[in-house]
Amino acid sequence: MDVNRVAYWVLFIGMILSEILLISSLILSTLLNLKSLAIILAFFGVGILIATPYTRVLAISLVSFMNRDHKLLLISLFVFVTMMVSLISGLVFNIVPHG
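None of these values were measured; they are calculated from a predicted model.

J.: Would you mind going over the packing of helix α1 (residues 3-30) against helix α2 (residues 35-66) with me for this structure?
T.: Between two packed helices, what matters for the description is the angle formed by their axes and the separation of those axes. Two numbers describe how α1 lies on α2: the axes approach to 7 Å, and their chain directions differ by 175°. Looking at the two axes, α1 sits roughly antiparallel to α2.

In structure tokens, the structure reads:
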């Protein structure tokens, strides 16, 4: 299985799903005046957009495991752990860059 193709499809599907949800939210908010449903759709759209890179790294880890590419597996797992530590430290400790 090709790692690049899997990464492409994960990014493509994540982008399309988040666009559909965000555009639906915009339409519901402006044209139909359904604010509460629009907020929920926007929340899920942004959530999918944020989760897409994490999903891509996990998919690359899975494909590299299936292909027995141990070097890529270690690198992708290191990247995933780094991303998770960054996410958790930002949420728990409210760490933001100053600049």
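Anyway, onward from the coordinates.
J.: Just to check I follow, could you spell out the nonpolar core for this structure?
T.: Grouped burial of nonpolar side chains is what soluble globular proteins tend to show. Residues Val3, Val6, Ala7, Val10, Ala59, Ile60 and Val63 constitute the largest nonpolar core, which totals seven residues. Top contributing element to this core by residue count: α1, with four residues. Residues contacting valine 3, with those up to four places away along its chain left out, are Ile60, Val63, Asn67 and Leu72.

J.: In this structure, what is going on with a nonpolar patch on the surface? I would like to understand it.
T.: Together, Ile23, Ile27, Leu31, Leu32, Leu34, Leu37, Ile40, Phe43 and Phe44 make up an exposed nonpolar region whose accessible area comes to about 920 Å². Those elements giving two or more residues to the nonpolar patch turn out to be α1 and α2. At four residues, the largest contribution of residues to the nonpolar patch is made by α2. With respect to the helices, strands and loops of the structure, leucine 34 is situated in the loop between α1 and α2.

Reading guide: rules and limits
Residues numbered from 1 in each chain as written. Predicted model: local features only at pLDDT ≥ 70, side-chain atom pairs only at ≥ 80, totals over all residues. Heavy atoms only, no water. Axes fitted to C-alpha atoms, helices over the stretch in contact; angles between N-to-C directions. Helix = DSSP H or I, 4+ residues; strand = E, 2+ residues; numbered from the N terminus. Parallel < 35°, antiparallel > 145°, perpendicular 65-115°, else oblique. Core = buried A, V, L, I, M, F, W, Y, C linked by side-chain atoms within 4.5 Å. Buried < 20%, exposed > 50% of the residue type's maximum accessible area, 1.4 Å probe, protein only. Contact = heavy atoms within 4.5 Å. Patch = residues over 30% accessible without salt bridge, like charges linked within 9 Å, V, L, I, M, F, W, Y side chains within 5 Å. Areas by Shrake-Rupley, 256 points an atom, 1.4 Å probe, with all protein chains shown as cover. Salt bridge = Lys/Arg side-chain N within 4 Å of Asp/Glu carboxyl O.

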